[in-house]
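Coordinates in review
Okay, here's what each chain looks like letter by letter:
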2 protein chains.
Amino acid sequence: MNSTFSTRRTVRKYEGRDIESILLDRILTAGTRASTTGNMQVYSIIVTRDAAMKERLAPAHFSQPMVTEAPVVLTFCADFNRFNKWCRQREASPGYDNFLSFMTAAIDALLVAQTVCNAAEEEGLGICYLGTTTYNADKIIEVLDLPSGVVPVTTVTMGWPAEIPEQVDRLPLDGVVHRERYRDYTPAMIDDLYREKEARKDNLGFISENNKKTLAQVFTDVRYRKEDNEYFSGVLLDVLRKQGFIS
Amino acid sequence: MNSTFSTRRTVRKYEGRDIESILLDRILTAGTRASTTGNMQVYSIIVTRDAAMKERLAPAHFSQPMVTEAPVVLTFCADFNRFNKWCRQREASPGYDNFLSFMTAAIDALLVAQTVCNAAEEEGLGICYLGTTTYNADKIIEVLDLPSGVVPVTTVTMGWPAEIPEQVDRLPLDGVVHRERYRDYTPAMIDDLYREKEARKDNLGFISENNKKTLAQVFTDVRYRKEDNEYFSGVLLDVLRKQGFIS
């Protein structure tokens, strides 16, 4: 493997210089060659370069600085609007106002997003995914004028790296891969898999900073809390209703 | 860009020879470097190599021949089971039994899947995505013994190409990319975007084979029908309930 897959890291700080349009379009075109269900291409990519638009998007991403600092912000959307319009214009009745179709379109959008990121990194660019997209899809819809049939599923900030962060830890491969059948995790397996992560200095720091007893509590009590997850689940389901994917 | 992003095609016919374990593990390891929400790695990959297991999986994929003919079948799953177990073992209360958490885990799984595919293609392997995974997630859960907290979101067949198919058509880049704001499609834009696709010989063939008037009708009346989408939406929502992601 020649590419950057194995050495990659997420980049959150970017140089001031822009990404040339010709380069960006080459990267986006690479993305469009990703697999898509039945070649329907039920996704759209919104390119944000304008500073004022980045300012408007930022609150939806809890004002993480990458949104306004990156030269390019890409919002990847599940999009049946274009396909539906084509169907109606061709005497065909689209039946894509349902949850399965949302998942189909979300999968399309995510495969494109990841190919765009892989292609960008091969060009020396750095990227960061913003998981906040599914939290505040309603606000993003408003800022980007997304019509019915369109739901943002992820956002990527992209620019020339102004930092080369340490590669973060990952679980051992056998922690995420199962051979033939899912073999459920015993307590001893869990201890083994998470031992290295739990021993890391940075993670030990997060425990003491947050006055917690375990790293897992940093996740459940600080970073990804039940009450937030439940609140934003409601928001996202409302968005799916409003955009016509569930009734 | 040196890689195969722009020249890739989906491969559905494979040579008889196997994929070496060392190569497959290198490809899967590349996949694990993909971005993951909060470094939680809330996904699992089930590797199917055993012929009997492929036979059992095949009906869930409407017996498409790739499932039994490919040396390797990979099922990518949204997986909060491992993370939940870790939390409970560390005096932390996981709050991931909701729809937002399912989407988080599904996104993780899909970014890994696409990196695995890109890495495999760079090694000369061919891949095909099976969209049938979201249709028959219930059957796949049964065959692969997936516990609560785990939902299959996509499947990839992989092998050494025994064919080099034509590259399929794609919409022009401006058909899927929006600059700054979503600019909704006018009837004239739809005509322009779909003109090339509709003029292709293969697509004209599908219209006459199916006794339809337009290519769009081949999609709505034959390939992706409203009644099927609605039926499988129900199945998938039931799966999310059963696996603990919606109540």
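This part covers the confidence of the model for chain A. Interpretation of this model should avoid reading the predicted coordinates in detail wherever pLDDT is low. Of all residues in chain A, 99% have pLDDT values of 70 or greater, and the mean over the chain is 97. Predicted complex metrics record ipTM = 0.98 and pTM = 0.98.

What follows concerns the sheet that holds strand 1 (residues 43-48) of chain A. The strand order across the open sheet formed by five strands is 3(A)-4(A)-2(A)-1(A)-5(B), and the pairing between neighbours is mixed. Single-partner strands in this sheet number two, and they are strand 3 (126-130) of chain A together with strand 5 (177-179) of chain B. The mean angle between the axes of side-by-side strands here comes to 25°, regardless of whether they run parallel or antiparallel. Two elements, strand 1 of chain A and strand 5 of chain B, share three bridges in a ladder whose sense is parallel. Each bridged residue has a counterpart across the sheet, and for V47(A) the counterpart in strand 5 of chain B is R179(B).

Further remarks concern the pairing of strand 4 (residues 150-159) of chain B. All names here are of chain B. Taking burial as the measure, the ten residues of strand 4 include ten buried ones, the bulk of the element. Of the pairings in the sheet, the one linking strand 2 (residues 72-79) to strand 4 comprises eight bridges and is antiparallel in character. Each bridged residue has a counterpart across the sheet, and for F76 the counterpart in strand 4 is T154.

Here the focus is the pairing of strand 2 of chain B. Residues and elements named next belong to chain B. A large share of strand 2 lies buried, amounting to eight of its eight residues. Residues V72, L74, F76 and A78 of strand 2 are buried on one face, and the alternating residues V73, T75, C77 and D79, pointing to the opposite face, are buried as well. Here strand 1 (residues 43-48) runs beside strand 2; their pairing, made up of six bridges, is antiparallel. Its bridge partner lying in strand 2, V47 is registered against L74.

Another point: the interface of chain A and chain B. Tallying the contact residues gives 96 residues for chain A and 96 residues for chain B. Among the elements that make up the side of chain A that touches chain B, the one with the highest residue count is helix 5 (residues 99-122) of chain A (13 residues). Taken together, the residues of the side of chain A that touches chain B sort by class into 43 nonpolar, 31 polar and 22 charged.

All names here are of chain B. Two elements in contact, helix 1 (residues 21-32) and helix 5 (residues 99-122), have axes whose closest approach is 8 Å; the angle formed by their N-to-C orientations is 135°. Viewed along their axes, helix 1 and helix 5 adopt a mutual orientation that is oblique. Taken as a pair, helix 1 and helix 5 cross one another with a handedness that is right-handed. For the pair formed by helix 1 and helix 5, the contact residues are I27, L28, A30, G31 and T32 on the first element and V112, T115, V116, A119 and A120 on the second. For the contact of helix 1 with helix 5, the per-class residue count stands at seven nonpolar, three polar and no charged.

What counts and how
Residues numbered from 1 in each chain as written. Chains lettered and ligands numbered in written order. Predicted model: local features only at pLDDT ≥ 70, side-chain atom pairs only at ≥ 80, totals over all residues. pLDDT = per-residue confidence, 0-100. Pairing = 2+ DSSP bridges. Helix = DSSP H or I, 4+ residues; strand = E, 2+ residues; numbered from the N terminus. Axes fitted to C-alpha atoms, helices over the stretch in contact; angles between N-to-C directions. Buried ≥ 20, exposed ≤ 12 C-beta atoms within 10 Å, placed from the backbone. Contact = placed C-beta atoms within 7 Å. Nonpolar A, V, L, I, M, F, W, Y, C, P; charged D, E, K, R; others polar. Parallel < 35°, antiparallel > 145°, perpendicular 65-115°, else oblique. Left-handed = near helix turned anticlockwise from the far one by under 90°.

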